[in-house]
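Below, each chain spelled out in residue letters.
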Amino acid sequence: MTDADSFREFVAARGLALSRTAYLLTGDHGEAEELLQETLVKAAARWRKLTHVADHEAYVRKIMLNQLRTWRRPRRLVILPTAELPETRDHEDPAAETDLKIVLRKALGVLTAKQRIALYLTFYEDLPEAEVAVRMGCSVGTVKRHKHDALKRLKRVAPQLLERVHS
């Protein structure tokens, strides 16, 4: 199997999970797609050198976190017209789910990138604070501060999200 085939296989298997990660980190579908694309471009360029890496996904997620930290360009809204509406999935209560997504997007928008990263690594990746500190390149105390500040902001901006977590 060639390196290109190996990379394609990896993306086919883990692309959706990486896409969800990008969305959790950015809070915006467009930015998540851009972050994932830039991450995969960097990973593809290094793929041949990754034969010694035991967990390719962890390595790619690290690239994603580093990429997010280095983004400095202004955010812009791009609206693309389409002839057809996107397909929708059947849900029990689409209105409630849509409301929750809007609240989540707004809540993620008030957090800093480091706060989102700290929450993501702690609650989504389920890493201990020491490992989060290593991945973020800071101290455990700084990780605790980012998490504390993020949860405080979330509680103020979107208490219904925290209620949903605790129920």
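An account of the accompanying structure is given in this report. (Residues numbered from 1 in each chain as written. Predicted model: local features only at pLDDT ≥ 70, side-chain atom pairs only at ≥ 80, totals over all residues. Heavy atoms only, no water.)

Some details on the packing of aromatic side chains
Rule in force here: Put simply, two rings from Phe, Tyr or Trp (the six-membered ring, in Trp's case) pair if the centres are within 6.5 Å, and we call them stacked under 30 degrees between planes, edge-to-face over 60, tilted for the rest. The way it works is that DSSP assigns letters per residue, a run of H or I at least four long becomes a helix, a run of E at least two long becomes a strand, and they are numbered from the N terminus. Note on classification: 1.4 Å probe, protein chains only; a residue is buried when its accessible area is under 20% of the maximum for its type, exposed when over 50%, partly exposed between these limits.
Throughout the structure, instances matching the rule amount to three aromatic pairs. Measuring from ring centre to ring centre gives 5.0 Å for F7 and W47, while their planes differ by 70 degrees; the resulting arrangement is edge-to-face. Separated by 40 residues along the polypeptide, F7 in helix α1 (residues 3–26) and W47 in the loop between α2 (29–46) and α3 (56–70) bring together distant segments of the chain. What makes F7 buried here is its relative accessible area of 14%. Among the residues examined, W47 registers a relative accessible area of 5% and is labelled buried.

So, α3
Quick reminder of the rule: One fewer than the residue count of a helix, multiplied by 1.5 Å, yields its expected span. Contacts are residue-level and defined by heavy atoms, with any inter-residue pair within 4.5 Å sufficient. Any pair of N or O atoms that falls within 3.5 Å is considered a polar contact. Within protein, one atom must be able to donate a hydrogen and the other to accept it, and sequence-neighbouring residues count only if both atoms are side-chain atoms.
The terminal C-alpha atoms of α3, which comprises 15 residues, lie 21 Å apart, in line with the 21 Å expected from a rise of 1.5 Å per residue. Among the residues making up α3, those that are buried are E57, V60, R61, I63, M64, L65, Q67 and L68. As for α3, its buried residues are in contact with α1, α2 and α5 (113–124). The opening residue of α3, the one whose side-chain oxygen lies 3.3 Å from the backbone nitrogen of E57, is D55.

A closer look at the nonpolar core
Operational definition: Think of a nonpolar core as a cluster: buried Ala, Val, Leu, Ile, Met, Phe, Trp, Tyr and Cys residues, connected wherever their side-chain atoms sit within 4.5 Å.
Counting residues in each nonpolar core, the largest one holds 29 residues, and the members touching the most others are L18, L25, V60, M64, I117, L121 and M136. Elements with a minimum of two residues in this core: α1, α2, α3, α5 and α6 (129–136). No other element matches the six residues that α1 contributes to this core. Setting aside residues up to four positions removed in sequence, V60 forms contacts with F10, L18, T39, L40, A43 and W47. Within the second largest apolar cluster, nine residues are counted, among which are V103, A107, L108 and A158.

Here we look at the packing of α5 against helix α7 (residues 140–157)
Using the following cut-off: Where helices are involved, their axes are fitted lines through C-alpha atoms of the stretch in contact, as for all axes, and angles between N-to-C directions lie from 0 to 180°. We call two directions roughly parallel when the angle between them is under 35 degrees, roughly antiparallel when it is over 145, roughly perpendicular when it lies between 65 and 115, and oblique otherwise.
Interaxial distance between α5 and α7 falls to 8 Å at its minimum, and their mutual angle equals 100 degrees. As the angle between them shows, α5 and α7 are arranged roughly perpendicular. Counting all contacts with α5, which are made through K114, Q115, A118, L119, T122 and F123, the residues of α7 involved are V143, H146, K147, D149, A150, L151, R153 and L154.

Comments concerning the packing of α6 against α7
The geometry of α6 relative to α7 is characterised by a closest axis approach of 8 Å and an angle of 95 degrees between their N-to-C directions. With respect to each other, α6 and α7 are oriented roughly perpendicular. Residues E129, A130, V132, A133 and M136 of α6 pack against V140, V143, K144, H146 and K147 of α7.

Digging into the pattern of salt bridges
Cut-off, in case you're wondering: Each reported salt bridge corresponds to a side-chain nitrogen of Lys or Arg within 4 Å of a carboxyl oxygen of Asp or Glu.
According to the stated counting rule, one finds nine salt bridges in the structure shown. R14 is the salt-bridge partner of E57, the closest N and O atoms lying 2.6 Å from each other. Taken together, the residues E57 in helix α3 and R14 in helix α1 connect sequence positions 43 residues apart. You can call E57 buried: its relative accessible area is 14%. Measuring nitrogen to oxygen at the nearest pair gives 3.2 Å for the salt bridge that ties R135 to E131. Residue R135 and its partner E131 are both found in helix α6; the two are separated by four residues, about one turn of the helix. For E131, a relative accessible area of 30% translates into the label partly exposed.

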